Structure formats: C-alpha cells, structure tokens
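Residue strings, one per chain:
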2 protein chains.
Amino acid sequence: MAGADEDPFRGFARRVPDGDSLERLVCGDCGFVHYENPKLVVGSVVTWGDRFLLCRRAINPRRDYWTLPAGYMELNETTAEGAMREAWEEAQARIVIDGLLAVYEIPRISQVQLIYRARLDAPVFAAGPESLEVALFGWDEIPWDRLAFPSVRWALHHHREAAGEVVPIPRRNPEGDAGDHR
Amino acid sequence: MAGADEDPFRGFARRVPDGDSLERLVCGDCGFVHYENPKLVVGSVVTWGDRFLLCRRAINPRRDYWTLPAGYMELNETTAEGAMREAWEEAQARIVIDGLLAVYEIPRISQVQLIYRARLDAPVFAAGPESLEVALFGWDEIPWDRLAFPSVRWALHHHREAAGEVVPIPRRNPEGDAGDHR
C-alpha cells in the first residue's frame with residue numbers, strides 16, 4: 001500500500017494508448033490508463049444579512065488564510081448539492097442556494113469553479129475538520145490581505161456587484177429533468 | 001498492456017484510503033488510488049445566420065444521431081478553448097464564442113456540461129473523425145426525433161429563448177486574469 005507521502009504515479013509513464021491521440025499516464029505494472037480530467041470546484045458566497053461567511057483554512061494549501069466554503073465536487077451529486085455539502089463540511093452551516101454567481105477557470109491547474117450565491121438558513125455555524133475558524137464579516141471587516149485564493153476576492157466583489165440581479169442565466173436543466181434519458 | 005476490451009479496473013477494489021472519508025478505487029497490485037471526479041463536457045450551439053450547426057455522430061453512444069460539437073474538456077485549456085477545439089475536431093469549423101449559454105448537470109453519470117453560444121467564422125465545415133456528416137439546419141428542419149441527447153434539445157431551445165440577451169452572467173475571471181497567483 002502506498003504511503004501518503006509517496007508519489008502515487010511512481011510506476012506510471014506518459015505514452016499514447018492504442019486508439020487514443022494524446023499522451024496519457026499509463027501504469028508500467030498493469031497497463032492501467034489514468035485519464036486526467038479538469039477538476040470541478042463547487043462553492044458559494046454565503047451571507048447572513050449583509051455579512052459574509054468565511055472559513056480560516058486548517059489545511060494546506062494556504063493554511064491559516066480565509067476562504068469560501070468550497071471544494072472538489074464528488075460523484076453523483078449536482079453542483080448545488082456539492083456547494084451545500086461543502087458548506088456543511090467546512091462551516092457546519094445549512095445554506096439556501098439563490099443561483100449561480102460565477103464560473104472561474106484556472107487552466108494552469110485545470111480547475112473550473114462554479115460559485116453560487118447562497119444564504120445561511122440560520123446564523124448557526126462552526127469550524128468543520130478542514131477549518132480553524134468560521135466567522136461572519138461585514139464588507140469592511142473582510143480580511144482582504146488574508147484571503148486564500150484570488151477567486152475568493154473575485155467572488156466577493158462579484159457578489160456585491162450582482163446584488164439585486166435575477167440569477168437564472170445561464171440556463172439550467174429543465175425543472176425536474178436530470179437528463180437521465182435519451 | 002491492457003487490451004481495449006479488458007476492464008481497466010479489474011485489479012481495483014473499493015476501500016477508504018488512509019486519511020480519507022469516502023471509498024475510492026484502490027489498485028490491489030500497487031496501491032494506486034484512482035480518485036473519480038465528475039467530468040466536464042464543453043460545447044456550443046453554433047449558428048450561421050439563423051441556421052444551426054449539427055454533427056451526425058460516427059461513434060457510440062448514439063452513433064448516427066445528431067449532436068452539438070461538444071466533448072470532454074482536456075487539461076490546461078479554458079472551457080471556451082475546449083469548446084473551440086471540439087468544434088474543430090468534430091466539425092472542422094472555426095467558431096467565435098459569444099458567451100456561456102447554459103450549465104447542465106447529469107448527476108447519474110457525474111457529468112457537468114458548459115454550453116456556449118457561438119457563431120461560425122465562415123460557412124466552412126466538414127465531418128471530423130467522430131462525425132459522419134455535419135450540416136446547417138433552419139429551426140424547422142432540425143431532426144428533433146434524431147437528436148443524440150436531451151441536452152442537445154435543451155440547448156437549442158435555450159439558445160432560441162436567449163436570443164438578444166446580454167451574456168456576461170454568470171461572472172467570469174477578471175479580464176486577462178488566469179488566477180495563476182496568490
């Protein structure tokens with residue numbers, strides 16, 4: 001079993017598998033092809049009145065810096081469900097989703113972020129296992145020089161800019177249709 | 001080396017790796033943890049005047065049915081670059097992106113689709129390797145009963161509905177900022 005500090009790809013080499021046109025990571029032991037895909041991050045700007053919920057990170061990267069509740073999407077959930085799950089895991093908060101605020105892209109690390117507008121259901125929250133602290137900040141109290149990632153700053157500014165806008169653009173699945181048919 | 005018809009996960013079992021909280025696919029030979037992530041599909045509704053570009057699929061699933069130029073996002077590209085790449089690969093078409101039309105989700109297969117509005121740069125296109133045929137259809141000529149996936153129908157209808165709308169919602173990265181800094 002691989003230890004946590006070992007390179008999980010130590011037995012892999014890059015080559016073009018049969019029938020493919022791009023180089024992929026292929027295991028030299030068993031021939032397993034590891035298709036690398038961009039990763040989706042789902043999260044939300046969560047407010048209570050005119051204050052913003054932020055989490056101080058307990059883990060690297062950017063331990064000790066403040067972030068939105070957000071993280072990698074898991075299988076078989078919707079992006080909104082993922083954003084709600086992350087708010088629960090990181091801030092022990094139940095949120096109500098109001099609409100999609102932003103789509104950010106960081107191609108260097110092959111990451112796409114879907115960020116929702118959301119509200120706390122009640123002013124109840126606590127640090128989850130990945131947070132040192134969770135708090136509500138008025139706009140002028142936000143620790144701007146202690147934010148974990150550029151997209152946290154973008155999302156807070158975009159949220160302020162978008163106040164009052166109707167949010168069903170872009171379009172989403174038709175009501176109740178999970179696309180689970182042909 | 002694994003043959004194309006062999007199950008690539010034949011040596012894997014589901015268990016919770018050290019330090020994780022969910023079951024993952026772990027290789028019984030070498031301990032490699034295969035994290036499964038939702039996949040991003042990028043594509044576009046492409047028009048030339050009031051006609052829509054569709055591709056008849058040369059591959060399964062849904063061979064012989066009509067679809068939008070769309071496919072899995074690759075590493076280190078933006079979603080718009082991915083949509084342009086797919087238009088080139090599937091329809092040998094150069095497109096101009098006008099904005100994000102829709103975000104669709106199919107949680108059963110852990111898929112999120114980002115669909116753009118786009119225009120042909122010139123009425124020049126041809127079947128790429130994954131297409132049997134590429135053609136422009138007026139709205140009433142679209143082969144509605146021969147569309148490959150529900151989201152193709154959704155996107156065409158949403159495109160029609162969105163005609164004339166301003167498209168910079170949701171917000172995107174600030175101009176020229178690829179998030180590649182802290």
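Everything numeric here is computed off the predicted structure, so don't read it as measured data. (Residues numbered from 1 in each chain as written. Chains lettered and ligands numbered in written order. Predicted model: local features only at pLDDT ≥ 70, side-chain atom pairs only at ≥ 80, totals over all residues. Heavy atoms only, no water.)

Quick look at the overall build of chain A
Phase 1: A count of helical and extended segments in chain A gives two helices and ten strands.
Phase 2: Its helices and strands taken in sequence order, chain A reads β-β-β-β-β-β-β-α-β-β-β-α from the N to the C terminus.
Phase 3: Scored against the burial criterion, the 182 residues of chain A give a buried share of 51%.
Phase 4: Taking the intrachain contacts of chain A between residues at least 6 apart in sequence as the baseline, contacts between residues at least 24 apart amount to 60%.
Phase 5: A total accessible area of about 8800 Å² is found for chain A, and carbon and sulfur atoms account for 49% of it. (Helix = DSSP H or I, 4+ residues; strand = E, 2+ residues; numbered from the N terminus. Buried < 20%, exposed > 50% of the residue type's maximum accessible area, 1.4 Å probe, protein only. Contact = heavy atoms within 4.5 Å. Areas by Shrake-Rupley, 256 points an atom, 1.4 Å probe, with all protein chains shown as cover.)

Comments concerning the sheet that holds strand β2 (residues 24-27) of chain A
Phase 1: As summarised here, the arrangement of the three strands in space is β1-β2-β3 (chain A), forming an open sheet in which the pairing is antiparallel. Strand pairing shows two members of the sheet lacking a second neighbour, β1 (12-15) and β3 (33-34) of chain A, which therefore form its edges. (Pairing = 2+ DSSP bridges.)

What to know about the domain arrangement of chain A
Phase 1: Looking at the assigned domains, one finds that chain A contains domain 1 (6-36) and domain 2 (39-161).
Phase 2: With centres defined by C-alpha atoms, the gap from domain 1 of chain A to domain 2 of chain A works out at 34 Å. (Domains from an automatic or database assignment.)

Quick look at the UniProt feature "domain: Nudix hydrolase" (unreviewed entry) in chain A
Phase 1: The feature "domain: Nudix hydrolase" (unreviewed entry), as annotated in UniProt, sits at residues 37-160 of chain A in this numbering.
Phase 2: Across residues 37-160 of chain A, helical content stands at 19% and strand content at 41%; the span's end C-alpha atoms are separated by 32 Å. (UniProt positions renumbered as here; feature names shortened; annotations may be inferred.)

Some words on the packing of aromatic side chains
Phase 1: Under the counting rule described, the total for this entry stands at eight aromatic pairs over all chains.
Phase 2: Judged by centre distance (5.1 Å) and plane angle (70°), the rings of Y104(A) and W154(A) are edge-to-face. Placement of Y104(A) in strand β8 (residues 95-106) and of W154(A) in helix α2 (residues 150-161) is noted, with a sequence separation of 50 residues between them.
Phase 3: Within the aromatic cluster, the residues linked to one another by ring pairs are F52(A), W139(A) and W144(A).
Phase 4: The positively charged end of R146(A) is found above the aromatic ring belonging to Y65(A), 4.3 Å away from the centroid.
Phase 5: Taking the ring centre of Y65(B) as reference, the NZ or CZ of R62(B) above it sits at 3.9 Å. (Phe/Tyr/Trp six-rings, centres within 6.5 Å; stacked < 30°, edge-to-face > 60°. Lys NZ or Arg CZ within 6 Å of the ring centre and 35° of its normal.)

Examining the pattern of salt bridges
Phase 1: Inspection of the entire model under this criterion finds 14 salt bridges over all chains.
Phase 2: One salt bridge in this structure joins D64(B) and R146(B), with 3.3 Å as the shortest N-O distance. Note that D64(B) is positioned in the loop between β5 (51-57) and β6 (66-67) and R146(B) in the loop between β10 (131-138) and α2 (150-161), a separation of 82 residues in sequence.
Phase 3: Look at D64(B) and you get partly exposed, because its relative accessible area is 29%.
Phase 4: For R146(B), a relative accessible area of 31% corresponds to the partly exposed category.
Phase 5: In this structure, the salt-bridge partner of R85(B) is E89(B), at a minimum N-O distance of 3.3 Å. Of the two residues, R85(B) and E89(B) are both situated in helix α1 (residues 79-91); the distance of four residues between them amounts to about one turn of the helix.
Phase 6: For E89(B), a relative accessible area of 33% puts it in the partly exposed group.
Phase 7: Because the salt bridges share partners, they merge into one network encompassing R56(A), D64(A), E133(A) and R146(A). (Salt bridge = Lys/Arg side-chain N within 4 Å of Asp/Glu carboxyl O.)

Quick look at the nonpolar core
Phase 1: Grouped together as the largest cluster of nonpolar side chains are 20 residues, with contacts concentrated most on V112(A), L114(A), V112(B) and L114(B).
Phase 2: When neighbours within four sequence positions are excluded, L114(B) is seen to be in contact with V103(A), V112(A), L40(B), V41(B), V42(B), G43(B), T79(B), L100(B), A102(B) and V103(B). (Core = buried A, V, L, I, M, F, W, Y, C linked by side-chain atoms within 4.5 Å.)

Some words on the side chain of S151(B)
Phase 1: Position of S151(B) relative to the elements: it lies in helix α2.
Phase 2: Discounting residues that sit within four places of it in the chain, S151(B) has contacts with Y104(B) and Q113(B).

So, the sheet that holds strand β2 (residues 24-27) of chain B
All names here are of chain B.
Phase 1: Ordered by their spatial adjacency, three strands build an open sheet running β1-β2-β3, and the pairing between neighbours is antiparallel. Of all strands in the sheet, those with a lone pairing partner are β1 (12-15) and β3 (33-34), marking the two edges.
Phase 2: Bridge count for β2 against β3 is two bridges, and the pairing is antiparallel. Bridge pairing links L25 to H34 in β3.

Quick notes on the pairing of strand β8 (residues 95-106) of chain B
Residues and elements named next belong to chain B.
Phase 1: Judged by how many residues are buried, β8 sits mostly within the fold: nine of twelve residues are covered.
Phase 2: As paired strands, β8 and strand β9 (residues 111-120) are joined by ten bridges and run antiparallel to one another. If you follow G99 over to β9, its bridge partner there is R117.
Phase 3: The antiparallel pairing of β8 with β9 creates a hairpin that spans four residues between the two strands, and S110 there sits at a positive phi of about 50°.

So, the environment of Q111(B)
Residues and elements named next belong to chain B.
Phase 1: Relative to the assigned elements, Q111 resides in strand β9.
Phase 2: Residue classification places Q111 among the buried positions, given a relative accessible area of 11%.
Phase 3: As for Q111 and N37, which are separated by 74 residues in sequence, their C-alpha atoms are 9.2 Å apart.
Phase 4: Once residues within four sequence positions are removed from consideration, Q111 is found in contact with K39, V41, Y72, Y104, E105 and I106.
Phase 5: Separated by 2.9 Å, the side chains of Q111 and Q113 make a polar contact. (Polar contact = N/O pair within 3.5 Å; in protein donor to acceptor, adjacent residues only side chain to side chain.)

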